[in-house]
Amino acid sequence: MQSFHHRQDVEGLRGVLVVLVILYHAGVQYPRAAFFSVDIFLLVSGYLMAAILQRDLFGGAFSLRAFYERRARRLLPAMYLAVLLGIIAAYFIVPPADYQVMAESSLWSLALSANAYFAGHGGGYFSPNIGMQPFMHFWTLGLEFQYYLLMPIFFLLLPIIKKRYFSVVIGVLALASFLVAYFGASQGEKSVYFLLSSRVWEFLLGSLLAIYQHRILFAVAEKYRRWLADAGVLLMMLVMVLADEHTLHPGPVTLIPLVGGLLLLCFGSERSISYRLLTFRPLVLLGAISYSLYLWHQIFIALGRWYFVDGVSAVIAAALIVAAVGLSVISYRLVEVPFRNKAAVPSRPFWACLLYTSPSPRDLSTS
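As the structure is a computational prediction, the values presented were derived from the model and not from experiment.

Student: Before we move on, can you summarise the overall build of the chain with the specific residues and values?
Tutor: Looking only at helices and strands, the chain has 16 helices and zero strands in total. The C-alpha atoms of the chain give 20 Å as radius of gyration, which agrees with the globular expectation for 367 residues (21 Å, within 12%). Principal-axis analysis of the C-alpha atoms places the extent of the chain at approximately 60 × 50 × 45 Å. Counting across all 367 residues of the chain, residues that qualify as buried make up 50%. Considering only residue pairs separated by 6 or more positions, the chain has 81% of its internal contacts joining residues 24 or more positions apart. Per element, the accessible surface of the chain, about 17,200 Å² overall, is 67% carbon and sulfur. Distance between charge centres in the chain, computed from 27 positive and 18 negative side chains, equals 12 Å.

This is the structure:
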């Protein structure tokens, strides 16, 4: 098994992807299909989680409780803060009837189920009014949390059964999920865009790469790896330029950026052009704060659209994005980093705080 280590090019990739998502949510028309960035994010998450799980399982250091706590520390404090401040700001900007909808989506976001909420409410991800929702992008966090909840339990079987049988099960699940997504999208089912059943295949492709990366690298001569990594970046960018909102998605076209992501993750080489580009210092720094930036950007953009009723000009949009970047840096330094440190925030008060602030099933049923 290939040893797991921090990769600067992957951090830079995150920086590029979050910029593309922000531009798309801000209404920038090019690249037209920047929304495929989210699919690559899911692929990367599946790859990294599988790599971490393998490392811990085969190193004898795996603990289900510790895994969940690391994920919770990494993701929940910043998310809870963004939802809290976002819904407070919306109270002073948004009309009461629309504020009620936002309050409902905020509760589902806190319950790690925003994807289920948006699957059942509204006209889908590409509907004209979705950009007015400050928490609409939290649907991807719902997917990630649901995947993180289930996949470690599944990976506990890896040391018990043969790898190829384990991989066959993952492959079958991935294929079934892809077919659910494809046929659902073909029938115009807008909910397939949001639900784990039609998105888990993207996580699982990344997981399969993590499992077999060592064998793949052994089979491919080193002199070809940098070209394959560069080809992967080109594939990702190509589909974002040529596709648009009318492309059947998720569907066969979705495979193109994911194959590109797999090539980069597998064959990333310091000798490649893509590595030199992705390790450009500003991109790496953006990658470091990409989670907080992902949380905050749409809150600023959506509430800006409510506040500036005559329309958000390019200058105002740029100012909102700059403000989101500034708050993301603060969130990263004062929330994300400290909460990852068990010495700074011990486990017992951490979990007590999360349980106290989490919405109850009753709250969700009445929303």
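Student: If you had to explain unusual backbone geometry to someone new, which residues and values would you point to?
Tutor: Note the cis peptide between Tyr-30 and Pro-31, where omega equals 0°. Along the chain, the position of Pro-31 falls in the loop between helix H1 (8–25) and helix H2 (36–58). With an omega of 0°, the peptide bond running from His-249 to Pro-250 counts as cis. A positive phi angle, close to 60°, is found at Leu-112, a residue other than glycine. Mapped onto the fold, Leu-112 is located in the loop between helix H4 (96–110) and helix H5 (114–120).

Student: Give me the lowdown on the pattern of salt bridges, citing residues and values where you can.
Tutor: A full pass over the atoms with the stated rule returns nine salt bridges. Here Arg-14 ties to Glu-11 by a salt bridge, and the two come within 3.2 Å at their closest N and O atoms. Linking Arg-14 with Glu-11, this pair stays in helix H1, spanning three residues, or about one helical turn. Relative accessible area serves as the criterion here: at 11%, Glu-11 is assigned to the buried category.

Student: Outline the side chain of Ser-37, listing residues and values.
Tutor: Looking at where Ser-37 falls in the secondary structure, it is placed in helix H2. Residues within four places of Ser-37 in sequence aside, it is in contact with Leu-17, Leu-20, Val-21 and Met-240.

Student: Before we move on, could you go through the side chain of His-249 and cite the residues and values that matter?
Tutor: Examined against the element boundaries, His-249 turns out to sit in the loop between helix H9 (222–242) and helix H10 (255–267). According to the relative accessible area criterion, His-249 is buried, its value standing at 7%. In terms of polar contacts, His-249 uses its side chain to reach the side chain of Asp-39, at 3.2 Å. A polar contact of 2.7 Å, which involves the side chain of His-249, links it to the side chain of Thr-254. Sequence-distant contacts of His-249, that is, excluding residues within four places in its chain, are made with Phe-35, Phe-36, Asp-39, Ala-185, Tyr-193, Arg-199 and Thr-254.

Student: Can you break down the packing of H9 against H10 residue by residue, with the values?
Tutor: In the contact formed by H9 and H10, the axes pass within 7 Å of each other and the chain directions differ by 150°. With respect to their mutual orientation, H9 and H10 come out roughly antiparallel. Considering only the axes of H9 and H10, their crossing is left-handed. Residues Arg-225, Arg-226, Leu-228, Ala-229, Gly-232, Val-233, Leu-235, Met-236 and Val-239 of H9 form the contact with H10, whose participating residues are Ile-256, Pro-257, Val-259, Gly-260, Gly-261, Leu-263, Leu-264 and Phe-267.

Student: Lay out the packing of aromatic side chains in plain terms, naming residues and giving numbers.
Tutor: Following the criterion strictly, the structure yields 29 aromatic pairs and no others. Consider the rings of Phe-67 and Tyr-68, whose centres lie 5.9 Å apart with planes at 65°: the pair is edge-to-face. Accessibility expressed as a relative area gives 2% for Phe-67, which makes it buried. Consider the rings of Tyr-117 and Phe-118, whose centres lie 5.1 Å apart with planes at 90°: the pair is edge-to-face. Pair check on accessibility: Tyr-117 and Phe-118 agree, each one buried. By way of ring pairs, the aromatic residues Tyr-24, Phe-35, Phe-36, Tyr-125, Phe-126, Trp-139, Tyr-193 and Phe-194 are connected into one cluster. Directly above the ring of Tyr-148 sits Arg-71, whose terminal nitrogen or CZ lies 5.5 Å from the centroid. For the cation-ring pair, Arg-199 lies above Tyr-193, with the distance from its terminal atom to the ring centre recorded as 4.4 Å.

Student: Any chance you could break down H2 for me, citing the residues and the numbers?
Tutor: Note on helix geometry: an α-helix contains 3.6 residues per turn, so any two residues three or four positions apart are oriented the same way. Over its 23 residues, H2 runs 34 Å from end to end, which matches the ideal 33 Å to within 8%, given 1.5 Å per residue. Counting buried positions along H2 yields 21 of 23 residues, so the element is predominantly enclosed. After H2 finishes, the residue Gly-60 shows a positive phi value of roughly 70°.

Student: Requested: an account of the nonpolar core, with residues and values cited.
Tutor: Met-79, Phe-138, Tyr-147, Phe-155 and Leu-295 are the most contacted members of the largest nonpolar core, which has 106 residues in total. The dominant element in this core, judged by the number of residues it contributes, is H2, at 15 residues. In this structure Phe-155 touches Ala-50, Leu-53, Gln-54, Leu-57, Phe-166 and Ile-211, once residues within four positions along its chain are discounted.

Student: Hey, could you go over helix H6 (residues 139–155) for me, with residue numbers and the actual values?
Tutor: Over its 17 residues, H6 runs 24 Å from end to end, which matches the ideal 24 Å to within 8%, given 1.5 Å per residue. The buried count for H6 comes to twelve of 17 residues, which makes it a mostly enclosed element. Among the residues making up H6, those that are buried are Trp-139, Thr-140, Leu-141, Gly-142, Leu-143, Glu-144, Phe-145, Tyr-147, Tyr-148, Met-151, Pro-152 and Phe-155. Packing partners of the buried residues in H6 comprise H2, helix H3 (64–91), H5, helix H7 (163–186), helix H8 (200–219) and helix H13 (290–307).

Here is what the cut-offs are and how they apply
- Counting from 1, residues in each chain are numbered in the order their sequence is written.
- Local features in this predicted model are restricted to residues whose pLDDT is 70 or higher, and side-chain atom pairs enter the listing and the counts only when it is 80 or higher, whereas totals over whole chains, interfaces and linings include all residues.
- Only hydrogens and water are set aside; all other atoms, that is, all heavy atoms of the structure, feed into the side-chain values.
- Starting at the N terminus, helices and strands are each numbered in turn, a helix being any DSSP run of H or I of at least four residues and a strand any DSSP run of E of at least two.
- For a compact globule the rule gives 2.2 Å times the number of residues to the power 0.38, and the radius of gyration it is set against comes from C-alpha atoms.
- The cut-offs for exposure are 20% and 50% of the maximum accessible area for each residue type, with area from a 1.4 Å probe on protein chains only; residues under the lower value are buried, those over the upper are exposed, and the others partly exposed.
- For this analysis, residues touch if any pair of their heavy atoms sits within 4.5 Å.
- For the accessible areas, the method is Shrake-Rupley and the probe is 1.4 Å, while residue cover comes only from the protein chains on display.
- Neither His nor the chain termini are counted; the positive set is Lys and Arg, and the negative set is Asp and Glu.
- By convention, charge coordinates are those of NZ in Lys, CZ in Arg, CG in Asp, or CD in Glu.
- One side-chain nitrogen of Lys or Arg within 4 Å of one carboxyl oxygen of Asp or Glu is enough to make a salt bridge.
- Definition of a polar contact: a pair of N or O atoms within 3.5 Å, with one able to donate and the other able to accept a hydrogen when the atoms are protein atoms, and with sequence-neighbouring residues admitted only if both atoms are side-chain atoms.
- Lines are fitted to the C-alpha atoms to define the axes, a helix being fitted only along its stretch in contact, and any angle between axes, read from their N-to-C directions, falls within 0 to 180 degrees.
- Working rule for angles: under 35 degrees goes down as roughly parallel, over 145 as roughly antiparallel, 65 to 115 as roughly perpendicular, anything else as oblique.
- Take the far helix as the reference: if the near one is turned anticlockwise from it by less than a right angle, the crossing is left-handed, and if turned clockwise, right-handed.
- Note on aromatic pairs: the rings of Phe, Tyr and Trp (six-membered ring only in Trp) are paired at centre separations within 6.5 Å, and the planes decide the class, stacked below 30 degrees, edge-to-face beyond 60, tilted for the rest.
- Definition used: whenever NZ (Lys) or CZ (Arg) falls within 6 Å of the ring centre and also within 35 degrees of the ring normal, the charge is taken to sit over that ring.
- An expected span of 1.5 Å times one less than the residue number is assigned to each helix.
- Buried residues of nine kinds, namely Ala, Val, Leu, Ile, Met, Phe, Trp, Tyr and Cys, make up a nonpolar core once their side-chain atoms join them within 4.5 Å.

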